[in-house]
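Coordinate inspection notes
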Amino acid sequence: MAAAVADWRVEAAGRRKLKKDSSGPPVLRLAENPDILATIAQRGNDRPALVVGFAAETEDVVENARRKRLRKRCDWILANDVSPATGTFGGDRNTIHLVDADGIEDWPAMTKHEVAQRLAERIAQHLGVSSPGGS
């Protein structure tokens, strides 16, 4: 599932531009967006054979990912630490923890391209198809 879907949105969009004035910044009320991952993972007969989600975390990375996988009912969660000190956002390297029903698979630090390649290979292996790289 795409990792860029926002968890929250503005509850009610304004009809006109908010101008600066002496009253200070506007108060924005937020509403939760639909949970796409949970919706797909909980489908009936047309559920995908493998549902993979992502958990971008800033603390308790693996434990939060474990809970998320159970709550959303997906097969795998790829968790990573996105706290500022890691340089993950805006950087080219990442460290992934693949969380599934069997436990945790800690991946070494690698480029984001290498992460994508390894994930594609793991998916192919899981589904019993030849890997994208032809091996």
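Residues numbered from 1 in each chain as written. Predicted model: local features only at pLDDT ≥ 70, side-chain atom pairs only at ≥ 80, totals over all residues. Heavy atoms only, no water.

1. What about the side chain of Lys-68?
Our working definition: Only DSSP runs of H or I covering at least 4 residues are called helices, and only runs of E covering at least 2 are called strands; the numbering of each starts at the N terminus. For the exposure calls, accessible area comes from a 1.4 Å probe over protein chains only, and a residue counts as buried if that area is under 20% of its type's maximum, exposed if over 50%, partly exposed in between. Think of it this way: Lys and Arg go in the positive column, Asp and Glu in the negative one, and His and the chain ends go nowhere. The rule for a salt bridge is simple: a side-chain nitrogen of Lys or Arg has to be within 4 Å of a carboxyl oxygen of Asp or Glu. The definition of a polar contact used here is a pair of N or O atoms within 3.5 Å, where within protein one atom must be able to donate a hydrogen and the other to accept one, and adjacent residues in sequence count solely through side-chain atom pairs. The contact criterion used is simple: two residues touch if any of their non-hydrogen atoms lie within 4.5 Å.
As for its placement among the helices and strands, Lys-68 is situated in helix α2 (residues 61-72). For the buried residue Lys-68, which engages in no salt bridge, the nearest side chain bearing the opposite charge is Glu-57, 5.6 Å off. A polar contact is formed between the side chain of Lys-68 and the backbone oxygen of Phe-54, at a distance of 2.6 Å. Once you skip the residues sitting within four places of it in the chain, Lys-68 turns out to touch Leu-37, Phe-54, Ala-55 and Ile-77.

2. Thoughts on the pattern of salt bridges
Counting across every chain of the model gives eight salt bridges. Among the ionic pairs, Asp-35 bridges to Lys-72, the shortest N-O distance being 2.4 Å. Of this pair, Asp-35 sits in the loop between β2 (30-32) and α1 (36-41) while Lys-72 sits in helix α2, and the two are 37 residues apart along the sequence. A relative accessible area of 13% places Lys-72 in the buried class. Where Glu-63 meets Arg-67, a salt bridge forms, and the shortest distance between an N and an O atom there is 3.4 Å. Here Arg-67 and Glu-63 lie together in helix α2, a separation of four residues that amounts to about one turn.

3. Points about a nonpolar patch on the surface
To keep things clear, this is the line we draw: Like charges within 9 Å and nonpolar side chains (Val, Leu, Ile, Met, Phe, Trp, Tyr) within 5 Å are joined into patches, using only residues over 30% in relative accessible area that form no salt bridge. What sets the accessible areas is the Shrake-Rupley method with a 1.4 Å probe; for residues, cover comes only from the shown protein chains.
A surface patch of nonpolar side chains, amounting to about 540 Å² of accessible area, comprises Trp-8, Val-10, Leu-18, Leu-28 and Leu-30. With respect to the helices and strands, the residue Val-10 is situated in strand β1 (residues 8-10). The exposure class of Val-10 is partly exposed, given its relative accessible area of 41%.

4. A few points about unusual backbone geometry
Leave glycine aside and you will find that most residues have negative phi; peptide bonds, for their part, are mostly trans. One non-glycine residue, Asp-60, lies in the positive phi region at around 45°. For Arg-73, which is not glycine, the phi dihedral falls at a positive 65°. In this fold, Arg-73 is placed in the loop between α2 and β4 (76-81).

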